[in-house]
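Descriptive structure summary
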Amino acid sequence: MARPASFDREQVLGRATETFWENGYCATSISQLVEATQLQPGSLYAAFDSKQGLFLAALDHYAQQSLKRLRGVLAEAADPLEGIRLFFALLASDRGSAKRIRGCLLVNTVLEVGRHNPEVQARVKAHLAEIEGAFQGALEEAQAQGQLGPDKSPDALASFLMTTIWGLRVLSGTGADARSARQVVDQALSVLDA
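Thoughts on the packing of aromatic side chains
Enumeration over the complete set of coordinates arrives at seven aromatic pairs. Relative to phenylalanine 135, the ring of phenylalanine 88 lies with its centre 6.0 Å away and its plane at 40°, an arrangement referred to as tilted. You can see phenylalanine 88 sitting in helix α5 (residues 80-93) and its partner phenylalanine 135 sitting in helix α8 (residues 118-144), a full 47 residues away along the chain. By relative accessible area, phenylalanine 88 is classed as buried at 0%. Look at phenylalanine 135 and you get buried, because its relative accessible area is 0%. Taken together, the aromatic side chains of Phe20, Tyr25 and Phe55 make up a single cluster linked through ring pairs. Over the ring of tyrosine 25 we find lysine 51; its NZ or CZ atom is 4.6 Å from the centre of that ring.

Let's talk about the side chain of threonine 28
Looking at the element boundaries, threonine 28 is found in the loop between α1 (9-23) and α2 (30-37). Within the local environment of threonine 28, its side chain forms a polar contact with the backbone oxygen of glycine 24, the two atoms lying 2.6 Å apart.

As for the pattern of salt bridges
Tallied over the full model, the rule gives three salt bridges. The residue arginine 85 makes a salt bridge to aspartate 193 at a minimum N-O spacing of 3.2 Å. Placement of arginine 85 in helix α5 and of aspartate 193 in the segment after α10 (178-189) is noted, with a sequence separation of 108 residues between them. The salt bridge partner of arginine 182 is aspartate 186, with a shortest N-O separation of 2.8 Å. Placement of the pair is arginine 182 and aspartate 186 together in helix α10, with a separation of four residues, close to one helical turn. Arginine 182 gets classed as partly exposed once you look at its relative accessible area, which sits at 31%.

A short note on the nonpolar core
Formed by 54 residues in total, the largest nonpolar core has its most connected members in Ile84, Phe88, Leu106, Phe135 and Leu139. In terms of residues, this core owes the most to one element, helix α4 (residues 51-76), which gives 12 residues. In this structure, isoleucine 84 is in contact with Leu74, Phe135, Ala138, Leu139, Leu161, Leu189 and Leu192, ignoring residues within four places of it in sequence.

Some points on the state of the cysteines
Evaluation of the coordinates by the stated rule reveals zero disulfides. For cysteine 26, which is in no disulfide, the shortest distance to another cysteine sulfur is to cysteine 104 and amounts to 17 Å. We classify cysteine 26 as exposed; its relative accessible area is 54%. Taking the relative accessible area as the measure of exposure, cysteine 104 reaches 8% and is therefore buried.

Focus: helix α7 (residues 105-114)
Taken as a whole, α7 has its buried residues at Leu105, Leu106, Val107, Thr109, Val113 and Gly114. Residues of α7 that are buried sit in contact with α1, α4, α8 and α9 (154-173).

Notes on α9
Over its 20 residues, α9 extends 29 Å from the first C-alpha to the last, a length consistent with the 28 Å expected when each residue adds 1.5 Å. Looking only at α9, the buried set comprises Pro154, Leu157, Ala158, Leu161, Met162, Thr164, Ile165, Leu168, Arg169 and Ser172. End-on view of α9: buried residues confined to an arc of 160°, all on one side of the axis. Where α9 ends, the next residue or the one after it, glycine 175, has phi of about 80°, a positive value.

Remarks on the packing of α1 against α2
Geometrically, a packed helix pair is captured by the angle between its two axes and the distance between the axes. Between α1 and α2, the least distance of the axes is 9 Å, while the angle of their chain directions is 140°. One element, α1, and the other, α2, form an angle in the oblique class. Here α1 and α2 pass one another in a crossing that is right-handed. Contacts between α1 and α2 involve Val12, Arg15, Ala16, Thr19, Phe20 and Asn23 from the former and Gln32, Leu33, Ala36 and Thr37 from the latter. Across the contact of α1 with α2, the residue classes break down as five nonpolar, four polar and one charged.

Here is what the cut-offs are and how they apply
Residues numbered from 1 in each chain as written. Predicted model: local features only at pLDDT ≥ 70, side-chain atom pairs only at ≥ 80, totals over all residues. Heavy atoms only, no water. Phe/Tyr/Trp six-rings, centres within 6.5 Å; stacked < 30°, edge-to-face > 60°. Helix = DSSP H or I, 4+ residues; strand = E, 2+ residues; numbered from the N terminus. Buried < 20%, exposed > 50% of the residue type's maximum accessible area, 1.4 Å probe, protein only. Lys NZ or Arg CZ within 6 Å of the ring centre and 35° of its normal. Polar contact = N/O pair within 3.5 Å; in protein donor to acceptor, adjacent residues only side chain to side chain. Salt bridge = Lys/Arg side-chain N within 4 Å of Asp/Glu carboxyl O. Core = buried A, V, L, I, M, F, W, Y, C linked by side-chain atoms within 4.5 Å. Contact = heavy atoms within 4.5 Å. Disulfide = S-S within 2.5 Å. Expected span 1.5 Å × (residues − 1). Arc of directions from axis to C-beta. Axes fitted to C-alpha atoms, helices over the stretch in contact; angles between N-to-C directions. Parallel < 35°, antiparallel > 145°, perpendicular 65-115°, else oblique. Left-handed = near helix turned anticlockwise from the far one by under 90°. Nonpolar A, V, L, I, M, F, W, Y, C, P; charged D, E, K, R; others polar.

Limitation: the analysis is restricted to geometry and does not speak to function.
Structural data, given as structure tokens:
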């Protein structure tokens, strides 16, 4: 009978996520994952089946954290549109960290391997749809409260906001300054004005 896993799965996924995020999927080796997670190769394979299995679990971990952050900002805001504005302000101010330079793991994954790997592409697409759905829900709520004009489409606006996030994440990878990011955010969020 196989011995049960004796490690903190969330901690391992956090470390693996950081490693994939730093290096990309293709350039991350099993030895780097072993070093980062402090697990032996046999334990990694037993828990996640393969490097891709660990990568998919890391994508899930990253997406859950991103969605949790978005939902938290939306929930704490005075109203839905303020929540969206606050979230974008956070994105624009993620300036001084190494994570800023790395961009978004989901976007990076689409650019690196998603177009050539249907399983990875489907996973990323599902996560991005969930995040977009959170925006759409906030926009629908704003429209119901009379904050968003009846001529505006919450569905189309949510797609636009997601595209803006992708652009911001790519822009951040170029080392653009906070002022540039803020200008993009201000311009993009002007579509929410009545």
